[in-house]
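One letter stands for each residue in the lines below.
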Amino acid sequence: MNFINLIDYAGTFAFAISGIRLASAKQFDWFGAYVVGLVTAIGGGTTRDLLLNVTPFWMLQPSYLIVTAFALLSVILLGKYLIRLNNTFFIFDAIGLGLFVVVGIEKSLAAHFPFWVAIVMGMITGSVGGIVRDILINEVPLIFRKDIYALACVVGGLVYYACFQFHVSPVISQIASAVSVILTRVLAVKYHLSLPVLKGHDDKINS
Amino acid sequence: MNFINLIDYAGTFAFAISGIRLASAKQFDWFGAYVVGLVTAIGGGTTRDLLLNVTPFWMLQPSYLIVTAFALLSVILLGKYLIRLNNTFFIFDAIGLGLFVVVGIEKSLAAHFPFWVAIVMGMITGSVGGIVRDILINEVPLIFRKDIYALACVVGGLVYYACFQFHVSPVISQIASAVSVILTRVLAVKYHLSLPVLKGHDDKINS
Amino acid sequence: MNFINLIDYAGTFAFAISGIRLASAKQFDWFGAYVVGLVTAIGGGTTRDLLLNVTPFWMLQPSYLIVTAFALLSVILLGKYLIRLNNTFFIFDAIGLGLFVVVGIEKSLAAHFPFWVAIVMGMITGSVGGIVRDILINEVPLIFRKDIYALACVVGGLVYYACFQFHVSPVISQIASAVSVILTRVLAVKYHLSLPVLKGHDDKINS
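Predicted model only: the values in this text are computed from it and were never measured. Residue indices follow the written sequence of each chain, beginning from 1 at its first position. Whichever chain is written first is A, and whichever ligand is written first is 1; the rest continue in order. Thresholds applied to this predicted model are a pLDDT of at least 70 for local features of residues and 80 or more for the giving and counting of side-chain atom pairs; totals over whole chains, interfaces and linings are not thresholded and use all residues.

Asks: Account for helix H5 (residues 115-136) of chain A, with residues named and values stated.
Replies: Residue and element names in this part refer to chain A. Taking 1.5 Å per residue as the helical rise, H5 with its 22 residues ought to reach 32 Å, and the 31 Å between its terminal C-alpha atoms agrees with that figure. Approximately 40° is the largest bend angle found in H5, and it occurs at Ser 127. Residues are called buried when their C-beta atom has 20 or more other C-beta atoms within 10 Å, exposed when it has 12 or fewer, and partly exposed otherwise; all C-beta atoms are positioned from the backbone. Labels follow the DSSP assignment, with helices taken as runs of H or I lasting at least four residues and strands as runs of E lasting at least two, numbered in each case from the N terminus. Summarising burial for H5: 20 of the 22 residues are buried, a large majority. Phi for Asn 138, located one or two positions after H5, is positive at around 60°. By this rule, a helix spans an expected 1.5 Å times one less than how many residues it contains. One axis fitted to the seven residues ending at a residue, another fitted to the seven starting there: the angle between these axes is the bend at that residue.

Asks: Tell me about the interface of chain C and chain B, and please be specific about residues and values.
Replies: With 35 residues of chain C at the interface, the matching set in chain B holds 29 residues. Among the elements that line the side of chain C that touches chain B, the one with the most residues is helix H2 (residues 30-52) of chain C, at six residues. Two residues qualify as a contact pair if the distance between their C-beta atoms, derived from the backbone, is within 7 Å.

Asks: Help me get a handle on the interface of chain A and chain C, residues and values and all.
Replies: Note: interface size is frequently given as the accessible area lost on complex formation between the parts. Every contact between the two is made by 35 residues of chain A and, on the other side, 29 residues of chain C. Of all elements in the fold, only helix H1 (3-24), helix H2 (30-52), helix H3 (63-83), helix H4 (86-110) and H5 of chain A reach the threshold of two or more residues within the side of chain A that touches chain C. In terms of residue count, the dominant contributor to the side of chain A that touches chain C is H2(A) (six residues). The nonpolar class holds Ala, Val, Leu, Ile, Met, Phe, Trp, Tyr, Cys and Pro. Asp, Glu, Lys and Arg form the charged class, and all remaining residues, Gly among them, are polar. Here the residues of the side of chain A that touches chain C are counted per class, giving 21 nonpolar, nine polar and five charged.

Asks: Give me the environment of Thr55(C): which residues, what numbers.
Replies: Note that Thr55(C) resides in the loop between H2 and helix H3 (63-83). Residue Thr55(C) is classed as partly exposed on the basis of its 16 C-beta neighbours within 10 Å. Taking the C-alpha atoms as reference points, Thr55(C) and Arg84(C), separated by 29 residues in sequence, lie 38 Å from one another. Once residues within four sequence positions are removed from consideration, Thr55(C) is found in contact with Asn53(B), Asp49(C) and Leu60(C).

Asks: Which residues make up the relation of the copies chain C and chain B, and what values go with them?
Replies: Structural alignment of chain C on chain B gives an RMSD of 0.0 Å, achieved by rotating through 120° and translating 0.0 Å along the axis. Such values leave the two copies arranged in the relation of a three-fold axis. Mapped onto chain B, only 9% of the interface residues of chain C are again interface residues, and the two copies thus contact each other with different surfaces. To line up the copies, we fit them by least squares on C-alpha atoms, keeping just the residues with pLDDT of at least 70 in both.

Asks: So what's going on with the relation of the copies chain A and chain C? Residues and values would help.
Replies: Under the fitted operation, chain A is carried onto chain C by 0.0 Å of movement along the axis and a turn of 120°, and the coordinates agree to an RMSD of 0.0 Å. The two copies present different faces, since only 9% of the interface residues in chain A are matched by interface residues at the equivalent positions in chain C.

In C-alpha cells, the structure reads:
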C-alpha cells in the first residue's frame, strides 16, 4: 500500500462517515446506514465511470466495501466520541476530495476526452456522492446551498489545466490541483465564504 | 449553425431556465442553480445515451454547458423580467421537447433497437431531465401529476411510428412527430387537460 | 413460457403493484403511476446491467412494459379489492425478490466478475427498484429502516456462494439461494425482525 492508496482510503473513510452519520440522524438501521455510507463514498466515481464507459472502480477490488464497513463499525462503537473529531473528519474529507478530483481528471484524460470534460468529471467524482447521499436521506442537497464544494472541484480542475498548459510535470500538477481543492474548501469553511444565493422567484413555471 | 441546432439550443435554454428558476425558489447558490439547470437540460439525453451504451451527447461538444451558463446569466441579470415571459418559455420548452423526443427516437433506431424501445427512449429524453430536477429540489416530480408531459412524448413516438409504417419521408416524419408533441402540450396546458388521478389508497404496503 | 418466466412475471407484477399503489397515495395520474410501477419493477436490473455494461434486460423484449400495464389496469379496476390481497402480494413480492437476486448473481458471474461483486449485484437487482420508487414519491427509502430487505438479498448471495464452494449443482444452488431470500423475508416480516437502528446524532457535519 503506497501513499496514494492511503489517501484514497482516508478519503473514502471520511466520505462514508459523513453518509453514515447523516443516515443515523434519520433512524436508518445498520444496513441502511452502510448503504448510504457506501454510496456517498463511491457514488461520484461510479457516475464518472458510467459516463466514461469504463468498469466502475469499486468493482475491481473489494477495498471500498471494506473501508466502508470499518466506517460503520467506528460509528457504532464510537458514535458519541466521533462528534468531537469533526475537525479531523473535515480535513480527511477535504484531502479525499482533492484526491478524488485529480483521479477523476486523469481517468477522463486517459480515456481521450478533452480537458473541459475532464474538469466536469473531476467535479462529478468529488460531488455526486454527497448529492446522492442527500437524496437518499430525503434532504435538499447541501452542496447546492453552502460552502463552495462543487466549485472547489472546478478550481482544482482549472489549476490542473494551467499546469498542463505550462508543461508542469504530472506529479507536481497532481499535487497543485489537489492542494488547490483542499485550500479552497478550508478557506471557504473557515471564513464562511459562499457564492451568492440566486434570488427566489416563488412562482412555479409550467414544465 | 443550422436550423436544428438553433432549436436544440433554444430547447436546452428553456429546459435550463426551468431548472434554474425552481432552484432559485429553494435558495440555491449560483453554482447549485447552474447544476440543476444543466441536469434539467441534459439529464434525459444522458440517461438515454447510458441505456443505449453510447457516449453521452454533451461530452462531445461544450455547447450545452455554455447555453446553460447563458441561462444562468439571464436569470441573474433579468430575474424579475423573465417572469413576464412565461408564455415565451413555455413555447420554447414545448418546441425543445418536440425536438428532444425526435432525437431520442432516431438515436435509438440508429442503434438498431426496435420501435417500442425508441418510443420509450423518446419519452426518457424528454422527461427524465425534469424528473431529476424535481428530485434535486426535493419535490415530488411535477410531470407525474400534471399536464400530460410524458404522454405527449409517447404521442410523438406513435406519430413517428405511423409515418414510418406509411413510408413517409424522414424529414416529414420528424416534423410530424415533433409537431404532435408540441400540439399535445399546448392543448393540454391551454385546456387544462390531464389524465385521471389514480384513486388514493393511503395504506402503505410491506415492501 | 416456462416456469422461470412465470415467476419472473409474477415478481415483476408484484413489484409494479407496490410502486403503483404508493404512487396512488400521492395522487399521481395514471401515467405517473405507470412510470413509478415500471421503475420499481425494472430499476434494480437496469442499474445492474449499466454497471455490468450489458444492454438493460427490459430493452430486449417488451414483456416487462406489458406486465406493468396489466398491474396498472388491475389497480384501476380492482383498487379497493386489492388491499385485501396484501398477503398474496407480499408472497409474490418475496418470490420475485428471490428470483431477481439469483438472476443478478448469475448475470454478474457470466460477465466474469468475482463472487463478491455478484453478491452486491444480487442485492442491487433486488433492492434498487424500491429505493428509486421511494425517491420518486419523495419519501425516505423504506428498506433502509425496516424489515430486513436488502440484507435478505445478501443472505441469498452467501447461500449461493456456499453452494458453489461445495460444488452443488447449478439448479439446486439457484433454488437454495432464492428460497433463503424468501424465507429471510417471510420470517423478518412475520416476527418483526429488524436490524438495530443506528443511534441518532442530530448534528450535521460539514460536507
